[in-house]
Every structure is written in structure tokens, then in C-alpha cells.
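Here's the letter readout for the chains.
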Amino acid sequence: MDEMYKALREYFGFNSFRPGQEELIRAALNGRDVLGVMPTGSGKSVCYQLPALLKEGVALVVSPLISLMADQVRALLQMGVPAAYLNSSLTEGQMKKALGYAREGKYKIIYVAPERLLVPGFLSFAKACPLSLVAVDEAHCVSQWGQDFRPSYLDIPAFLHELPTRPPLCAFTATATERVRGDIRRLLGLSDPVERVTGFDRPNLFYEVLTPKVKEVELLSLVQAQKGESGIVYCATRRSVEEVCDLLCANGIAASRYHAGLDAKERASAQEDFLFDRCQVMVATNAFGMGIDKSNVRFVIHFNMPKDMESYYQEAGRGGRDGEPCRCTLLYSPKDVQLGRFLIDKSASAEGLDEEARRLKRRGDLERLARMEAYCRETGCLRRFILRYFGEEGPKGGCDNCGNCVLPETRSDIGPDARQILSLIEDSGERYGEALLSSVLRAEHSRRARDLGLMEHPSAGTLARLSPLELRERFDHLLSLGYIARIGEEYPILALTDKGREFLRREGPLYVRLRRAEEAPPTPKKTRPAGPGDPELYEILRELRAQIARIQGVPAFVVFSDATLRDMSARKPRSEEEMLQVSGVGLKKQARYGKRFLQAIEEYLDNQDR
Ligand code: ZN
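Each chain has its residues counted from 1, following the order in which its sequence is written. Totals for whole chains, interfaces and linings use every residue, but because this is a predicted model, local features are given only for residues with pLDDT of at least 70 and side-chain atom pairs only at 80 or more, for both listing and counting. Side-chain calculation: all heavy atoms of the structure are included, whereas hydrogens and water are not.

**Concerning the overall build of the protein**
Here a helix means four or more residues in a row that DSSP labels H or I, a strand means two or more in a row labelled E, and each is numbered from the N terminus. Along the protein, the regular secondary structure elements total 25 helices and 17 strands. Relative to the globule expectation of 25 Å for 610 residues, the C-alpha radius of gyration of the protein, 27 Å, shows essentially globular dimensions. The C-alpha extent of the protein, read off along each of the three principal axes, is 85 × 70 × 45 Å. Split into buried and exposed, the 610 residues of the protein put 53% on the buried side. By definition in these notes, contact holds between two residues if any of their heavy atoms fall within 4.5 Å. Within the protein, counting contacts between residues at least 6 apart in sequence, those at least 24 apart form 73% of the total. Note that accessible areas follow from Shrake-Rupley with a 1.4 Å probe, and for residues the cover is restricted to the protein chains shown. Total accessible area computed for the protein in this model is approximately 27700 Å², and 50% of it derives from carbon and sulfur atoms. This count recognises Lys and Arg as positive and Asp and Glu as negative, with His and chain-terminal groups excluded. Charge positions come from single atoms, namely NZ of Lys, CZ of Arg, CG of Asp or CD of Glu. Within the protein, one finds 87 positive and 85 negative side-chain charges whose respective centroids are separated by 1 Å. The globule rule is 2.2 Å times the number of residues to the power 0.38, and the radius of gyration it is compared with is taken over C-alpha atoms. When accessible area is computed with a 1.4 Å probe and restricted to protein chains, residues below 20% of their type maximum are described as buried, those above 50% as exposed, and intermediate ones as partly exposed.

Following this line, the structure appears as C-alpha cells:
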């Protein structure tokens, strides 16, 4: 199987496989069916592209996203792999021509929309040509329990049935619960597949949650700190997309916007501007991102809390797909929870569901929203929180690369404050929510607190020295440590857990690390760069890459990724041979661009010698 490594080196420019890849590729080469559950950015496409290159015949890749097909084919052509796509964006004439070439065996890989599989013209081509394999991307679309059910995915088994010999079937998805995985096996008809679930950890993403007083100020300083780097800002509503985009533009930042209220042409041109680095920041609703394959996104900021962890993981995961660091910041405000509830109620009434279905959906939505809020208020490792949410263990201690793990080591004793909070909750019968309890502790003298007699409690007013934010943080710690729990979805109340009761009965301090909102947000560590690199040379290489990309009309990262340029700036190759050692430089790209980059490096080194 040496040829596997050879092809990886020559076409993709890598020396080693990422977790899970090798087993799946080997299985596909041996004619087995495979099922890969791999998060975005973990190198899913290599798992079917590489076997497609090595096997006889043409590989079909079923993909639901038209824009993604175009990007993938563009990237394959750059690597020297003959590829094409067949979907509704082609004219009748273009389609005929492409099928003609395909019949002549001119392509190794063809991307096809699921709707096309049973169209007679396509089917007769597929029956007549030797197929190396059929890969199904976004395989969860076959399941009604998945997030994006596509009925046309159910045509896939019928299509396979029509073929004279059944090629190996390779299914891939980025997120799937056990139930959805079962549907994929059953509905696609996978036969004894080799399965790999690779971890959900994305070590190069720095996760953080900030609770700024004024989000706009925080946002500007975050974007300005990432000068010239590509980033996405997600907002909850169209209106806030417009406002945030205006704010950035007014401050001299090249921003563009994307939401479902714009017409298709505006959306397409905004997307292109972002892809080709003509705009630095994309401000968007969650409508943006499906099918975006831009690898050099260096920051993803959520201006509002998303509706659930699945959305957050997916949206933040659009950053750092080249493996280079990306800063994922969530700007949280308690108001986001109210907005989230409002949006849930609005969406429940908009869909044509019956009473019972609506009630169940709303309950599920509220539950997921509550978990999302818990993430925002987590005081422990954020990475661990995410991984546990998706059913993995996560790092035992901290991860050293999230907003909570990189807080200064200084610990403060919140034991006395915690006891005031816990005893108020216990004595008042564990039936009130956080807002009311806070108002009592801070002696805000609300009418409701007075009417309920809560102001008579010995704890009333004992934490008046704390700001609302500081008091909130005490609650966050007690929630994260499991001393108190929130019960109920609609109007959650706080109750003590056994752990909390036990703490209340004994003496002793409670040391925690406080975020102290007044301080500057922590700086993410630059984790796992391909090498330290030479920043000056790196900028020169980036400039050269931009020129080439402009002339060729392709996005810059298609020429070389940021990670490749960084490695190049560290290694400073002086010959073609040395250039091929750079991670991400394969034979084709070496032939196409090697000379120009070698020349730039030589000039740079000569200038330094002088
Ligand atoms: Zn952490």
C-alpha cells in the first residue's frame, strides 16, 4: 500500500494521514463499504478522493451542496486531478458535454446532486461506465432525524440497485447521533461497513465566551486585533447583521453581509468577495456557511448566543480548517436567552405542525437553548464542555487553549459569598429564579422580593458590594461546580444539589479563578502552528499568493493554504527538492507555482545577507 502514501504526498502534499483517514481509505481500496463520522475540517474528503485516484474507473460523489461541489472541483483541478460536477447550475449543453467527457473516461471524480441519480441520461452513463466507488457526503441527510433531511437521498439505494455491479459505498457525515448513524447504515444499505468516528476535538480552535458591557466595543477591538485576517461574525437576526456590518464598515473594516433577506445575486457576490479575500469580514445569519469551504478563516465571532450547541459547534468550526489557529469568541449577554426563547416561539408557530408535535419540538428547543446558556456560563474548560456534549470524555484537567483555561492562575475565595447564596436558596424553599435571588442579595428592594418577605432573610443585601456581573459569576461557579442546579425550562428555578447542601454544612474556603470582566480578554495562545515560521517572509509569500490567485481567478487558499505558507517560511526551501518537503506542496503545485515561490524566497534571503 505504498502507493497510498505516494499519492498522499504527490497530490495532497502531506506525509502522514490524520486520525481515521488511513483505515477508511484502506477499506475503500479493498472494496469494503465505509462509514466515516468526521467533524468538518478533519480531512473527510481525502478519504474518498484518494481511493478514487488509485482505483480504476470514475468515482461518484453525491453531495447536496451546489456551491461546495464547485469549490471541491476547483481544488481538485489545482491538484491535477481531472474532476467535474453535474448539478442544476449547468445548462443542458454543458451537461451533455460533461457527460460525453465522462463517458470517454476523462474524469476520475464526478460530483453529482442526489436529484440527478435517477435521471435517465445520467443513469445510462453510470450503467455503462466502470465506477470505482460511490461516496455519499453529508450522509445524515438520509435520516428524518437528522438536521437537514433530503428525500432525494433515499434514491441512492435505488440507484445502486440499477448498476450492473455494485461499487463500494462510502458514507460520510460530520455530525450524527447513534440514531442517525443507524438510519444511515439501514437506509443507504451499507453492507458490513468499516466504521470510524474521529474525535470532535479541534485543537487549533481557541474557544472563549466574553460578557462585555457593550458588545459593539468588544467586537471592534476583537476585529481590529486580527488586522487583515479573514473572519466571520454571526448575528441572530437580519437586522443585527445590517447594523453590525454598518458598524464595521464605518470603522474602516472591509465587511460584507449575508442573510436570507438578500436576493440570490447579492448573496452570491458577497460570498465570492469573502472567498477571494476582497472583503475581510463576513457578517451573517446562520444562513451563511453551508457549503463554504474557505480554509483560512482566522476568527469566528458570535455577536449573539446561537440557539444550540450543534449550531455553535458547526459555525465556530468553519474557522481554522487549514489547521492553523482560529479564535472563536462568543459575545454573551443574558438578553440573548430572551431573544432565543422569542425565536423558538416564533418558529414553532410558523411551521405547520399539530399541537402535540409543536409542544414536543418547543420543549426540545428550550432544552437545547438551556444547554447553550450553560456553555456561556461555564467556568471550567470550554473544550471539555463541548466534547462532553457530543458524548466524548474531553481533557481531564484543562485544555490550556480556551478562555477559561488561560485565565491567570490567581484564585479567589468565594466561600463566604457562596454560603450566602446557598442559604438564601435553601431557606426560601428552592422555588425562585436567579433574577429574584440576585435582587435580594444585592438589596435592590424589588416589590416582589418585599411582598414575599425575602428582604427579611439574613442574607438579604449581604452581596450588595458586588456588581450584577460579579454576582452572576458567583452563580456561574456554583452552577459549573454542581452546587446548584437549574430546574424547569420556561421559568427555571434554582435548587441546591447534595453537593451544595454538603458544602453549606461544613466550613472552609472555595477557591475559584474569577474572570474579572474589567480586565482585557485573554489572548489565545498560538497553538500548533506548522512551525514558528518567519513572519516577514510569510507576509511576502502571502502577497505573492494573492497576486497569483488574482491572475488565475481562484481563492488564495486554493493556491496554498496559510499552513503551507507558514511551513514554507520556516523551512526556506532553496531547491525544488526542498520545496517538496514543505507540508501541502505536491508535485502538481510544485510544477505550477514552485519556481515563483522559490524565487521569492531566494530574493528575500539575498536581501537579508546584504
Ligand atoms: Zn480549556
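Here the narrative resumes, following the displayed structure.
**Quick look at the nonpolar core**
Ranked by size, the top nonpolar core spans 39 residues in total, and within it Tyr207, Phe288, Met305, Tyr312, Leu330, Met372 and Tyr375 carry the most contacts. Among residues more than four places away in sequence, those in contact with phenylalanine 288 are Ile232, Tyr234, Tyr258, Gln271, Phe274, Met282 and Arg318. Listed in part, the 37 residues of the second largest apolar core include Val58, Ala98, Ala102 and Ile156. The nonpolar core is taken to be a set of buried Ala, Val, Leu, Ile, Met, Phe, Trp, Tyr and Cys residues, with the residues joined through side-chain atoms within 4.5 Å.

**Let's talk about helix H7 (residues 155-162)**
Every buried residue belonging to H7 is among Ile156, Phe159 and Leu160, and all of these are buried. What you see down the axis of H7 is that its buried residues fit within an arc of 100°, all on one side. Taken together, the buried residues of H7 touch strand E2 (58-62), helix H6 (120-128), strand E5 (131-136), strand E6 (169-173) and helix H8 (178-188). The directions considered for the arc run from the helix axis to the C-beta atoms.

**What about the sheet that holds strand E1 (residues 34-37)?**
When DSSP finds two or more bridges between two strands, those strands count as paired. A sheet is described by the order of its strands in space; here 7 strands give the open sequence E3-E4-E2-E5-E6-E1-E7, paired in parallel fashion. One side of each edge strand has no neighbouring strand; the edge strands of this open sheet are strand E3 (83-86) and strand E7 (194-197). Each strand axis lies, on average, 15° off the axis of its neighbour in the sheet, ignoring direction. In this sheet, E6 lies alongside E1 in parallel orientation, the contact comprising 4 bridges. In the sheet register, glycine 36 faces E6, and the bridge partner there is phenylalanine 172. Strand contacts of helix H3 (residues 46-54): E2, strand E4 (109-112), E5 and E6, with the helix running at about 175° to E5, the strand carrying the most contacts. Axis lines are fitted through C-alpha atoms, for helices just across the contact stretch, and the angle between N-to-C directions can take any value from 0 to 180 degrees.

**Quick word on helix H20 (residues 498-505)**
Those residues of H20 that fall on the buried side of the exposure criterion are Gly500, Phe503 and Leu504. Seen from one end, H20 has its buried residues packed into an arc of 100°, which puts them on one side. The exposed residues of H20 that point more than 90 degrees off its buried face are Asp498 and Arg505. Buried residues along H20 sit against helix H16 (415-427) and strand E16 (493-496).

**Quick notes on the pairing of strand E15 (residues 484-487)**
Summarising the sheet, E15 and E16 pair through 4 bridges and their orientation is antiparallel. Across the sheet, isoleucine 484 pairs through a bridge with leucine 496, a residue of E16. The turn linking E15 back onto E16 is made up of 5 residues, and glycine 488 within it adopts a positive phi angle of 95°.

**Thoughts on the coordination of the zinc ion**
For the zinc ion, the protein coordination sphere consists of Cys381 (SG), Cys399 (SG), Cys402 (SG) and Cys405 (SG), at 2.3 to 2.4 Å. Coordination at the zinc ion is tetrahedral, judged from the 4 donor atoms that bind it and the angles of 100 to 120° they form at the metal. In terms of primary sequence, the donors binding the zinc ion are separated according to C-x17-C-x2-C-x2-C. A residue pair is termed long-range when its members are at least 10 positions apart, and cysteine 381 in the loop between helix H14 (355-376) and helix H15 (382-389) and cysteine 402 in the loop between H15 and strand E14 (412-413) qualify at 21 residues. Note that water is not among the atoms used; donors are N, O and S atoms within 2.8 Å of the metal (3.2 Å for Na, K and Ca), so sites may look incomplete. Every geometry call rests on angle ranges, with four donors termed tetrahedral when all angles are between 85 and 135 degrees, four termed square planar and six termed octahedral when opposite donors are over 155 degrees apart and all others are between 65 and 115, and everything else termed irregular.

**So, the pattern of salt bridges**
Only one rule defines a salt bridge in this text: a Lys or Arg side-chain nitrogen within 4 Å of an Asp or Glu carboxyl oxygen. On inspection of all chains with the given rule, the structure shows 43 salt bridges. With a closest N to O distance of 2.7 Å, glutamate 434 and arginine 377 form a salt bridge. With glutamate 434 in helix H17 (residues 434-441) and arginine 377 in the loop between H14 and H15, this pair connects stretches of sequence that are 57 residues apart. What makes arginine 377 buried here is its relative accessible area of 4%.

**Details of the domain arrangement of the protein**
Reported domain spans reflect what an automatic or database domain assignment gives. Per the domain assignment, the segments of the protein are domain 1 (3-197), domain 2 (205-389), domain 3 (411-513) and domain 4 (535-609). Computed over C-alpha atoms only, the centres of domain 1 and domain 2 are separated by 30 Å. Facing the 12 residues of domain 1 at the interface are 10 residues of domain 2. Roughly 950 Å² of surface becomes buried between domain 1 and domain 2 when both sides are summed, with 52% attributable to carbon and sulfur atoms. Summed over the shared surface of domain 1 and domain 2, the result is 0 salt bridges. When the residues that make up the side of domain 1 that touches domain 2 are grouped by side-chain class, the tally is 3 nonpolar, 6 polar and 3 charged. Throughout, buried area stands for the accessible area (probe radius 1.4 Å) lost by two parts on being put together, summed over both. Three classes are used, and their members are as follows: Ala, Val, Leu, Ile, Met, Phe, Trp, Tyr, Cys and Pro are nonpolar, Asp, Glu, Lys and Arg are charged, and the others, Gly among them, are polar.

**Topic: the state of the cysteines**
Covalent bonding between the sulfur atoms of two cysteines is what defines a disulfide. Throughout, disulfides are identified as pairs of cysteine sulfur atoms within 2.5 Å of each other. Summed over all chains, the structure comprises 0 disulfides. Left without a disulfide partner, cysteine 249 is nearest to the cysteine sulfur of cysteine 245, which lies 4.2 Å away.

**What about the packing of aromatic side chains?**
Planes of paired rings set the category: under 30 degrees apart is stacked, over 60 is edge-to-face and the rest tilted, where pairs are Phe, Tyr or Trp rings (Trp by its six-membered ring) whose centres lie within 6.5 Å. Taken as a whole, this structure holds 13 aromatic pairs when the rule is applied. Through successive ring pairs, a cluster of aromatic residues spans Phe122, Phe125 and Phe159. Geometrically, a lysine NZ or arginine CZ counts as sitting over a ring once it is within 6 Å of the ring centre and also within 35 degrees of the ring normal. Sitting over the ring of phenylalanine 303, lysine 215 keeps its end group 5.6 Å from the ring centre. The residue whose ring lies beneath arginine 566 is tyrosine 538, and the NZ or CZ to ring-centre distance is 4.4 Å.

**So, the sheet that holds strand E10 (residues 255-258)**
Overall, parallel pairing links the 6 strands, which are arranged E8-E13-E12-E9-E11-E10 in an open sheet. Pairing within the sheet leaves two strands with one partner each, and these edge strands are strand E8 (205-210) and E10. The average undirected angle you get between the axes of adjacent strands in this sheet is 15°. When E8 meets strand E13 (residues 326-331), the two strands line up parallel, connected through 6 bridges. Looking across to E13, one finds that valine 209 is bridged to leucine 330. Those strands touched by helix H11 (residues 264-275) are strand E9 (230-234), E10, strand E11 (281-284) and strand E12 (297-302), and its axis lies near 140° from that of E10.

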